[in-house]
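# Working through the structure, step by step
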Amino acid sequence: MEILWALVSRLYGIVTIIIYGLLYGRFITPFLHNKKAVRPVKIIYICTMSVLYLFPYTMHGFLAYALGALVFFVVIYLYDRRNLEQKIFLFFFLYLVEWTCHGVLVIPRQLLFQGSLILGSALEWGEWNYFGAFLLTEFCLALCQYFVMRMLLNIMERIYIYKSENMSGKELGLMLAIPISVIIGYFAFVFFSDIYLEDTKWYIQDTHASFYWVVALYQSISYAALVAVVTFYQDMKKNYRKEKENAVLAGQVKSLQKHIGEVEALYQDIRGMRHDMGNHIMILENLCQKERQAEAIDYLEKLKGQFHEAETEIKSGNPVTDILLTESKKEAEQRGISFACGFHYPEGTSVNAFDVSIILNNALNNAIEGAVACIMPGIEPFVRVSSYREKNVYMIEVANSLKGQVFLEEESGLPGTTKGDNGEHGYGLNNIRQVARKYFGDIAIEQTEGVFLLHVMLLTGGV
């Protein structure tokens, strides 16, 4: 019978480790770029903690769980080396959650055992009945363990919105303030418990049952404080992203105002040429009548040159997009990138030229920057822009050559930021999405081998 009791206790410990390993793997998945790391990380954590649990040498619970969490994140970092600061924070967070879960579950454990003992004494249970009650109690505790841990992890998963955002060293310091304070508090509880045991030869919880409630309350408040800090951090990230988006949009607006000014200057040149057209015709007539044909031809060549200067290379159906596309073509070709344009402005629709220009400006800037990274011997980088209409749907497609693979955030579907990246690629695409949604559309991204393709859909409302 003693062997059975010990076996069930061991089995409960292993089941708890498996529960934690599976829930940790589920929690960490959205934070990882390399999703293939999740399965081996779960297996390694479960195996490590099982060995520590079954190992004959008695290790303090704090050290055992800290070692297990450390192995968990070392393996994660070996698979996915992005955002080390965030991984350090998650290491401390998971340890805190584990300790919080243990502290909270002490109360239902005591209530279940006391209830079974009282009921057993009243009914004068036999040895096997006691064992059955113990088995049922361990099963209920395992379920409680699962639901409490899952609840704590789910809360953090929901409030931690920007999982792919980089965490700076200063932000890490802010985020670790609560977990480190809680760990210090944990050592204080352990210290006072040990002193009490040494002085009285009794465990403090045996003589003061309220000790469990104090520990559980302290851990619950600590977790709530951590949730508050993470919520504040995410709000800070949200405001920062909004500021960056507005800054990028302001830059785009300034650029488009420049293009509009160039269009106005173009129209002014054309109006001036029309005004002078009578004089030009009269001069040509005089030259032809006096049989000064060579001078007439030379004069015509100069006029043709002025007309060409007043024209844009690309004709898309709108003067603003004409200038924007022409400038993008010149920039791409100057940087050794081939540029192909099949874009046509959707005339006769409710789509505003300013909105289309924001889409093109952001998309082409990103495409050219992406193609620049592909400039190498034997490879011809390219940028292609095209558009087409099907009834009320207007599609804009921008493709560029791509080196490697762009990491897309799971929440937004847009490129995430990495160290050294100013993030404007993602913010620019977010501005494109905002314009598309203004017309009840959206954007989609495709990545094939060597090609990044952006689809922008707008509902035109035209005929």
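Now for a quick tour of the structure. Only a predicted model underlies this, so the values are computations on that prediction, with no experimental measurement involved. (Residues numbered from 1 in each chain as written. Predicted model: local features only at pLDDT ≥ 70, side-chain atom pairs only at ≥ 80, totals over all residues. Heavy atoms only, no water.)

### Quick look at helix α10 (residues 319-334)
Applied cut-off: Comment: elements are numbered from the N terminus, with helices defined as DSSP H or I runs of at least four residues and strands as E runs of at least two. To estimate the expected span of a helix, subtract one from its residue number and multiply by 1.5 Å. Residue burial is assigned from relative accessible area. The probe radius is 1.4 Å, only protein chains are included, and a residue is buried under 20% of its type maximum, exposed over 50%, and partly exposed in between.
Under the 1.5 Å per step criterion, the end-to-end length of α10 is 23 Å for 16 residues, consistent within 8% with the ideal 22 Å. Buried within α10 are the following residues: Val320, Thr321, Asp322, Ile323, Leu324, Leu325, Thr326, Ser328, Lys329 and Ala332. Directly beyond the C-terminal end of α10, a positive phi value near 80° is found at Gly336.

### Brief notes about the environment of Val51
The topology assignment puts Val51 in helix α2 (residues 38-54). Residue class for Val51 comes out exposed when judged on its relative accessible area of 52%. Sequence-wise, Val51 and Ile14 are 37 residues apart; in three dimensions their C-alpha atoms are separated by 9.8 Å.

### Quick look at the packing of aromatic side chains
Formally: Stacked, edge-to-face and tilted are the three classes for Phe, Tyr and Trp ring pairs, Trp counted by its six-membered ring, which pair at centre distances within 6.5 Å; planes under 30 degrees apart are stacked, over 60 edge-to-face, the rest tilted. Geometrically, a charge over a ring is one whose NZ (Lys) or CZ (Arg) sits within 6 Å of the ring centre while staying within 35 degrees of the ring normal.
Under the criterion given, the structure shown has 17 aromatic pairs. Ring centres 6.0 Å apart and planes at 25° place the aromatic pair Tyr20 and Tyr24 in the stacked group. Pair noted here: Tyr20 and Tyr24 are both in helix α1 (residues 2-28), with a separation of 4 residues, about one helical turn. Judged by relative accessible area, Tyr20 falls into the buried class, the value being 1%. Overall, Tyr24 belongs to the buried group, its relative accessible area being 1%. When the ring of Phe89 is compared with that of Phe93, the centres are 6.4 Å apart and the planes differ by 20°; the resulting orientation is stacked. Within this pair, Phe89 and its partner Phe93 are both found in helix α4 (residues 84-123), separated by 4 residues, close to a single helical turn. Residues Phe89 and Phe93 agree in their burial class; the two are buried. The lysine or arginine in question, Lys163, covers the ring of Phe31, its NZ or CZ lying 5.8 Å from the ring centre.

### What to know about α2
Its 17 residues give α2 an end-to-end C-alpha distance of 24 Å, which sits within 8% of 24 Å, the value for a rise of 1.5 Å per residue. Buried within α2 we find Val38, Val41, Tyr45, Ile46, Thr48, Met49 and Ser50.

### Some details on unusual backbone geometry
Note: most peptide bonds trans; most residues except glycine with negative phi. The backbone phi angle of Asn83 is positive, close to 55°, even though this residue is not glycine. Topologically, Asn83 is positioned in the loop between α3 (61-79) and α4. One non-glycine residue, Phe440, adopts positive backbone phi at about 60°. Within the secondary structure layout, Phe440 lies in the loop between α12 (424-438) and β4 (442-448).

### A few points about the side chain of Gln234
What counts, and what does not: For this analysis, a polar contact is any N or O atom pair within 3.5 Å, provided that within protein one partner can donate a hydrogen and the other can accept it, and provided that sequence-adjacent residues contribute only side-chain to side-chain pairs. A contact between two residues is defined here by any heavy atoms of the two lying within 4.5 Å.
In this structure, Gln234 sits in helix α8 (residues 210-289). A relative accessible area of 3% places Gln234 in the buried class. A polar contact is formed between the side chain of Gln234 and the backbone nitrogen of Ile161, at a distance of 2.8 Å. Other than its neighbours up to four places away in sequence, Gln234 contacts Ile159, Tyr160, Ile161 and Tyr162.

### A short note on the pairing of strand β3 (residues 393-401)
Our working rule: Strand pairing is defined by DSSP finding a minimum of two bridges between the two strands.
Extensive coverage of β3 is indicated by the burial of 8 of its 9 residues. With antiparallel pairing between neighbouring strands as the criterion, strand β2 (residues 382-390) and β3 make up a hairpin whose turn holds 2 residues, including Lys391 at a positive phi of roughly 60°. Where β3 and strand β5 (residues 451-459) come together, 9 bridges link them in antiparallel fashion. Note that in β5 the partner of Asn400 across the bridge is Phe452.

### A word on the state of the cysteines
As a reminder, the rule being used: The term disulfide is used for any two cysteine sulfur atoms that are within 2.5 Å.
Counted by the stated rule, this structure contains 0 disulfides. Cys140 provides the cysteine sulfur closest to Cys144, a residue in no disulfide bond, and the two sulfurs are 6.7 Å apart.

### Describing the sheet that holds β4
Strand pairing in a sheet takes place through backbone hydrogen bonds and is either antiparallel or parallel in direction. Basically, it comes down to this: Structural elements are reduced to axes, namely lines fitted to C-alpha atoms, with helices fitted over the stretch in contact, and the angle between N-to-C directions of any two is expressed from 0 to 180 degrees.
Taken in spatial order, the 5 strands line up as β1-β2-β3-β5-β4 in an open sheet, and their pairing is mixed. Strands at the two margins of the open sheet, each flanked by one partner only, are β1 (338-342) and β4. Each neighbouring strand pair of the sheet contributes to a mean axis angle of 15°, computed without reference to strand direction. Of the strand pairs in this sheet, β2 and β3 are connected by 8 bridges, and their pairing is antiparallel. Along β3, the bridge assignment pairs Glu390 with Val393.

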